[in-house]
Amino acid sequence: LANLLWSEYDDDRARAALRRTLSNLKSALGDRWLSIDRAAVGLRRVDFRLDVEEFEELRRISLDDGSDARVSDQALAAAIEAIELYRGDFMAGFYLRDSPNFEDWQLSQSENRRAELGSILEVAVRANAGRGRYDDASRHARAWLELDSLNEPAHRWLMRLHAWRGERSAALQQYRRCVEVLDTELGVAPLEETTELQRAIKEDRLPGSQHRAAPASASSEEPRSPSALPMVGRATEAQTLRDIYERIERNGHFVAIEGEAGVGKTRLAESFLAFVRERGGTVVTTRCYEDERNLAYAVTASALRSALTRPEILSDVDATWLLQARRLVPELEGPTNGAPLRPLSRSGERVQFLESISRLLAWSLRGDVPGALFFDDVQWADAPSLELLGYMLRRLEGSPICIVMTWRAEERTHLQRLLQVLSMTQRSGAGTLVELGRLGRADVALLVDSVGSTATVGDDISDRLYEETEGVPFFVVEYLEAMGRSRDGGEPWSLPPGAQRLFQERLMSLSSAARQLLAASAIVGRSAGLDLLQNASGRSEEETVLALEELTAKGLLVESLSSEADQLAYGFGHEKMRAFVHDQTALPRRRLLHKRVARALSRPRARRTDGSTSGLIAHHLRAAGLDDEAAQLFVRAGEHARDLYANAEALSHFEMADSLGYPDADQVREAIGDIHTLMGDYGAAIEDYELAAARAPAGHMAVLEHKLGNVYLRRGDWEAADSHFGAALGGAEGSGGVALAARILADLSLSAHHQGDPERSTTDAARALSLAEEADDTLALAQTHNLLGILSGGRGASGAIAHLEQSLEHAKHLADPTARIAALNNLALAHRRSGDLESSMRLTRTSLELCASQGDLHREAALHNNLADLLHEVGREEEAMRHLKKAVALFAEVGGEEPGQPEIWKLVEW
């Protein structure tokens, strides 16, 4: 300990320092925590848990029991618990000044833990892959690769998993990433094992996973539809929903139905919606799809299309609501009074957008009795739609509707904001959580009694069925249907316990046309209308209709109201069946179907070929192997999401375009850098801009150098910022970019101001203003007046306010809200210095609203902090503390993976 903590001292001084410290600790803590004698210092095991110790024990269990080809359930459970326990490097964020020995020890411990985590992740990958859980296996493989990008086994596992899911293009792309990183970092080629795997995937000769099941024999009897069986074990929950509905008068209610996959959430919700329809209420239903999680407002647009199918809705709707809805559903018709669409970045525009969409959805449900709005599988909803739903749920007062949502309990981590809203509505009495568990033995027995033909199987069928299915309703129903189709009453337990063989049995009796249509529906991935399914399957209209009748009669496809007006849509009743059909479709045919779907969605008569659906079309093009076309559309989808400030979705689209070899790689990488900057991932942003600079034309270098300088300015690395600003200024002046030069000089002045160099700051500011006026550039004028307002702050509030009001006036004419956010914040600070706290709070709140809509994490944190200070000054302590906690949480997310950047936390003005 003496050597670790006082390495700069000699042995005698170090030991003396240790003795003094231990003496002080013992005086402060007594004998409760530390055990100290002449030879050793130990920690007494009292009321605490040691995560490192738990991690080591879980690792031992996972490796001791998980070294064979088949990983046991116990080993997998231990591995998952260990992965969840590991939340960062050993003692991340803690350091001792001038203690290199301690730093070496800490680094060594951290590397050991990371290596141990890698071995645990490998167990999780193998275990989940062996069970056919490819999504879970892929997630753990990516985490494994994040620990070490040179890890070839992790690369190979991702390649296999992509291939087993039929994503051959993605598997080959993963190989290219492996080649690139090995060449860049080590200058070596991949191992022969990795190259051979790539060849096997490319030639479509990769052996199937151990989870794939053999086809079952055909059955000639018709299966019973799951909906034909009684809904058992849900009487209490069904009555709860009816009671909630009967109590709705003036204010609305939010019902969340939560449970694991296959537990019957949708069935319970549909039973309730039938009850609402019987009472005369209007029902609007929307389903979320996993493939659309990165499509901004996809769920919202689908809900709007479902809600506005009745002509009478559009005849007397508020024109403002309809105008805002056209952002997402351009084909809507109705009165708008000729009003134009303005950018969401303008002050209050985003709030008006959320308010209009919320009111429009509620308006579509109006009637003599309360209506119901249903969102199924919300765990797959896109983030912007979740934000809108949260906004709507907070405003149920005065809106007599029932909003029902279902989501999977195992994926509730994606719904943190929605869960907060649920908690809020529960406290106010406007929300209810219905948690569905598995069926009990008695419930399974009731289902068995309802199917008389199964009696010949044996008296113990209920108990045996319960053991085989563990009470999951979906599997119970599938087993019963398989038994009902058995001609000879033979032993049904020869079927595997999973659902795959049951699915195969249900498909065997289908006609050729029905099989093709079912495969096309699986490729579409969501409910689709007649036209899309016909175009994708390649069948005639008559054949398509007959096949749909066959599939709906057998319960394989479910008919519902389409998001398109006056049309019906057809989709799978359960996602597992869709995935099974998808996997059973041969790879060449999957690619053909993806191509057909992409072409069909791209046709003008599809009416949804704007940027909002580009990502969906690009997904199908990529799966069809048309990487060049897909890259073009991923860029378009990224631009659309970026315009809506759906930053995570935009980032996903741009990165996909880059991975597919988009020709203007520098532009895409620059766009990715812009988004990483807003998200506060500064290390990634710098890397992005550097990569863009390596490929960009000379004429664009000044812009990239300027952006690099701004990232370093945000991090508080003034020297690096000045270096890049200087390079940018030279490039701008050399190419005649007067307006750009003005903006760069303004940032140079701001950097000098932060460094406490008033002379250089004033000189650069004066030059910036002169060039901005010469160029008559609105952004440059807004930026320079903002800067002059900052510099005038120390000499009196009136001068600062004058400059900042000029900056704000210029910024109002810009689509990008960045300059407006800065001017509002700095104007608020000036009013605060003058003692006008009310104006200061009002301006800060406006700036915060704009910043949150833009998604600029760092500046949003600063604004929460500034507002907390103002609220504290006026004595509103509870509200101040809420904003302060929010600021701390956001500040902690900024900076990417590089800890210890104190300047990030000091941001007040910019």
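In this text the structure is predicted, and so the values were computed from the model without any measurement. (Residues numbered from 1 in each chain as written. Predicted model: local features only at pLDDT ≥ 70, side-chain atom pairs only at ≥ 80, totals over all residues. Heavy atoms only, no water.)

Asks: Can you help me understand the overall build of the protein chain in this one?
Replies: Along the backbone of the protein chain there are 42 helices and 10 strands. Of all 910 residues assigned to the protein chain, the portion counted as buried reaches 52%. Considering only contacts within the protein chain whose residues lie at least 6 apart along the sequence, 65% involve residues at least 24 apart. Surface accessibility of the protein chain: about 41500 Å² in total, with carbon and sulfur atoms responsible for 48%. (Helix = DSSP H or I, 4+ residues; strand = E, 2+ residues; numbered from the N terminus. Buried < 20%, exposed > 50% of the residue type's maximum accessible area, 1.4 Å probe, protein only. Contact = heavy atoms within 4.5 Å. Areas by Shrake-Rupley, 256 points an atom, 1.4 Å probe, with all protein chains shown as cover.)

Asks: Honestly, the packing of aromatic side chains in this entry has me stumped. Any pointers?
Replies: Aromatic rings considered in pairs are described by the distance between their centres and by the relative angle of their planes. With the rule as written, the count across this model stands at 12 aromatic pairs. Ring plane angle 50 degrees and centroid distance 5.7 Å describe the contact between F55 and Y86, whose orientation is recorded as tilted. One end of the pair, F55, is in helix α3 (residues 51–64); the other, Y86, is in the loop between α4 (73–85) and α5 (100–130), with 31 residues separating them in the sequence. Relative to W105, the ring of F90 lies with its centre 5.7 Å away and its plane at 80 degrees, an arrangement referred to as edge-to-face. With F90 in the loop between α4 and α5 and W105 in helix α5, this pair connects stretches of sequence that are 15 residues apart. Among the residues examined, W105 registers a relative accessible area of 32% and is labelled partly exposed. Three or more aromatic residues link up through ring pairs in this structure, and these residues are F90, F94, F102 and W105. Positioned above the aromatic ring of W33 is the side chain of R32, whose terminal nitrogen or guanidinium carbon lies 5.1 Å from the ring centre. (Phe/Tyr/Trp six-rings, centres within 6.5 Å; stacked < 30°, edge-to-face > 60°. Lys NZ or Arg CZ within 6 Å of the ring centre and 35° of its normal.)

Asks: Would you mind showing me how to read the sheet that holds strand β6 (residues 401–408) here?
Replies: Across a sheet, paired strands are connected by hydrogen bonds in the backbone, their directions being either parallel or antiparallel. Taken together, the five strands give an open sheet; going across it, the order is β4-β5-β6-β3-β7, and neighbouring strands pair in parallel fashion. The open sheet terminates on both sides in strands that have one partner only, identified here as β4 (283–287) and β7 (431–435). Direction aside, neighbouring strands of the sheet carry axes that sit 15 degrees apart on average. Where strand β3 (residues 253–259) meets β7, five bridges bridge the pair, whose relative direction is parallel. Bridged to I257 within β7 is V434. Against the sheet, helix α11 (residues 265–278) engages β3, β4, β5 (371–376), β6 and β7, with an angle of about 165 degrees to β6. (Pairing = 2+ DSSP bridges. Axes fitted to C-alpha atoms, helices over the stretch in contact; angles between N-to-C directions.)

Asks: Please clarify how the side chain of T425 should be interpreted in this entry.
Replies: Within the fold, T425 resides in helix α17 (residues 416–428). If we ignore the near neighbours within four places in the chain, the residues touching T425 are F254, L393, A430 and G431.

Asks: For this particular structure, what's the right way to read empty space enclosed by the protein?
Replies: Remark: the empty space left among the atoms is shown by a probe the size of a water molecule rolled over them. For the structure shown, the criterion picks out two cavities of 30 Å³ or more. Estimated volume of the second largest cavity: approximately 40 Å³. Lining the second largest cavity are R287, Y289, G525, R526, S527, G571, F572, E575 and R578. Elements that contribute at least two residues to the lining of the second largest cavity include exactly β10 (568–572) and α25 (575–584). Residue classes in the lining of the second largest cavity are distributed as two nonpolar, three polar and four charged. (1 Å grid on protein atoms, 1.4 Å probe; cavity = no way out; pocket = protein on both sides within 12 Å on 5 of 7 lines; lining within 4 Å. Points joined across faces, edges and corners; volume = space filled by probe spheres on them. Nonpolar A, V, L, I, M, F, W, Y, C, P; charged D, E, K, R; others polar.)

Asks: I tried to follow the packing of helix α10 (residues 235–247) against α11 on my own but got confused; where do I start?
Replies: Running from N to C, α10 and α11 point in directions that differ by 35 degrees, and their axes come no closer than 10 Å. The two elements α10 and α11 meet at a crossing, and its hand is right-handed. Taking contact as the criterion, the partners of E237, A238, L241, R242, Y245 and E246 in α10 are, on α11, L268, S271, F272, F275 and V276. (Left-handed = near helix turned anticlockwise from the far one by under 90°.)

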